[in-house]
Amino acid sequence: MIKNYLIAPGPTPVPPRVLLAMAQPVIHHRTPQFSQIFADAKRALKQLFQTEQDVLILAASGTGAMEGSVTNLFSPGEEVLVINGGKFGERWTKIASSYGLQVAELKVEWGRSARVEDVRRLLDERPGIRGVFIQASETSTGALHPTEEIARITRQRDTLLIVDGITAVGVFDVPMDRWGIDVLITGSQKALMLPPGLACVALSERAWQRTKEAKLPRFYFDFARERDNLAKDTTAWTPAISLITGLRESLAIIFEEGLPRVFARHTRMAAATRAGATALNLDLVAPDAPSPALTAMFVPPKVDGGKLVSYLRDRMGVTFMGGQDQFKGKIVRIGHLGYTGTFDIVTAIAALEMALHHFGYDVVLGRGVAAAEGVLMAGMPD
Ligand SMILES: *Cc1c(COP(=O)(O)O)cnc(C)c1O
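### Some words on helix α4 (residues 87-98)
Every α-helix carries 3.6 residues per turn, so stepping three or four residues along brings you back to the same face.
So, point 1. With 12 residues, α4 should reach 16 Å at 1.5 Å per residue; the first-to-last C-alpha distance of 16 Å fits that figure.
So, point 2. Looking at α4, one finds that the buried residues are K87, F88, G89, W92, T93, I95 and A96.

Set out below in structure tokens:
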């Protein structure tokens, strides 16, 4: 028998309480019973997004809300800016181009964060830019982008800031209203501790205004129609009933812990993982502004990262993620968002050093674990 551990930056493990909530018999969605569940989830989501606005719940993976943010807010030919520092930044470009927007890209070296001065300069040079697309946390590299600082620039102009917060919301503080974010998105399979299948998205007041003039075609992801239905505690189409039942439970877990503690836990798990990696002499992919959601590290030059990740998964039962494109075979990504605790990190670092040892890398077994434990001790109860 091999016991399996999912320690990836999404999908993430689902707590037993949430699994049990989702195992209830399916109820009909046009009923007071479902509306009650929906209303509870809706209320808690606003707290999670730290917004007074409605948070739409769509039956889609996160990309559905990304696509909807393009089609609901823009018109063909409009100019937008994409901050592209990895695979998910690239996805913004692909979606926006597919819909005929004129995309200017701020290319950011993988592992680095966008520079605020570059964003300001580009917006000054091209006053026609009507929207800026960004990842708060770029999951392909593990780097953060300076969302708060960029919001300070966009909110003073007629430029919407659309934030993919899929590995940010529920991981670290992204107060939508306070920062002046226009669109904030998350997905169920990351910090929300659910299986994949839900995307959540909130719009600022001026973004809602923009939906009225935006001319791109839309049907399934029609945000205004969803908002009208949300007001009646229902959805435009058949909702993912079981997932929303699970969402109510996972949000209950999050608010039992409380957002400040949730954020502190993610910060601690990330610091411990980085300490473990560093003690093994592995270079971090995003040393300057590492995301609390995941830690990406380079594998030693003599080790094939693809084989390392497969060995960990298939022979040791530990699922991390490798890299894509320019990082293929070169990096390992360890997820520590959502339902992650102290001993997931101990497991992750132990597995990593054992696997590296197996591939002939010169490691002192236990050194990474000791470093991680040193950080994790700070979170131990009195
Ligand atoms: C996981 C993730 C997504 C969503 O991808 P889907 O496969 O559509 O769920 C988007 N952006 C980021 C930053 C992510 O981590």
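### Focus on the nonpolar core
So, point 1. With 92 residues, the main nonpolar core has F49 and L81 as its most contacted residues.
So, point 2. Taken domain by domain, the makeup of this core includes at least three residues from each of domain 1 (16-256) and domain 2 (258-378).
So, point 3. Other than its neighbours up to four places away in sequence, F49 contacts V55, V169, V174, P175, M176, L184, I185, T186, C200, V201 and A202.
So, point 4. Among the nonpolar cores identified, the runner-up in size contains 22 residues, and L282, V318, F320 and L352 belong to it.

### Here's the deal with the packing of helix α11 (residues 259-279) against helix α14 (residues 367-376)
So, point 1. Running from N to C, α11 and α14 cross one another at 150 degrees; their axes reach a closest spacing of 7 Å. Classified by the angle their axes make, α11 and α14 are roughly antiparallel. Between α11 and α14 lies a crossing of right-handed hand. Where α11 abuts α14, its residues R268, M269, A271, A272, A275, G276 and A279 lie against R367, G368, A371, A372, V375 and L376.
So, point 2. Among the residues forming the contact of α11 with α14, the class breakdown is 9 nonpolar, 2 polar and 2 charged.

### What about the site of the ligand?
So, point 1. The local shell around the ligand holds 14 residues, among which S61, T63, T139, D164 and K190 are the closest.
So, point 2. Between the ligand and R91 there is a distance of 3.2 Å, counted from an oxygen atom to a side-chain nitrogen or oxygen.
So, point 3. Between the ligand and the protein, one listed contact pairs an oxygen atom with a side-chain N or O atom of T139 at 2.5 Å.
So, point 4. The protein chains hide 88% of the 390 Å² of surface that the ligand would expose on its own.
So, point 5. Elements represented by at least two residues in the shell around the ligand include exactly α3 (62-71) and α4.
So, point 6. Here the element with the most residues in the shell around the ligand is α3; it accounts for 3 residues.
So, point 7. Within the shell around the ligand, the residues separate by chemical class into 3 nonpolar, 8 polar and 3 charged.

Rules behind the numbers
- Residues numbered from 1 in each chain as written.
- Predicted model: local features only at pLDDT ≥ 70, side-chain atom pairs only at ≥ 80, totals over all residues.
- Heavy atoms only, no water.
- Helix = DSSP H or I, 4+ residues; strand = E, 2+ residues; numbered from the N terminus.
- Expected span 1.5 Å × (residues − 1).
- Buried < 20%, exposed > 50% of the residue type's maximum accessible area, 1.4 Å probe, protein only.
- Core = buried A, V, L, I, M, F, W, Y, C linked by side-chain atoms within 4.5 Å.
- Domains from an automatic or database assignment.
- Contact = heavy atoms within 4.5 Å.
- Axes fitted to C-alpha atoms, helices over the stretch in contact; angles between N-to-C directions.
- Parallel < 35°, antiparallel > 145°, perpendicular 65-115°, else oblique.
- Left-handed = near helix turned anticlockwise from the far one by under 90°.
- Nonpolar A, V, L, I, M, F, W, Y, C, P; charged D, E, K, R; others polar.
- Near = heavy atom within 4 Å.
- Polar contact = N/O pair within 3.5 Å; in protein donor to acceptor, adjacent residues only side chain to side chain.
- Areas by Shrake-Rupley, 256 points an atom, 1.4 Å probe, with all protein chains shown as cover.

Limitation: the analysis is restricted to geometry and does not speak to function.
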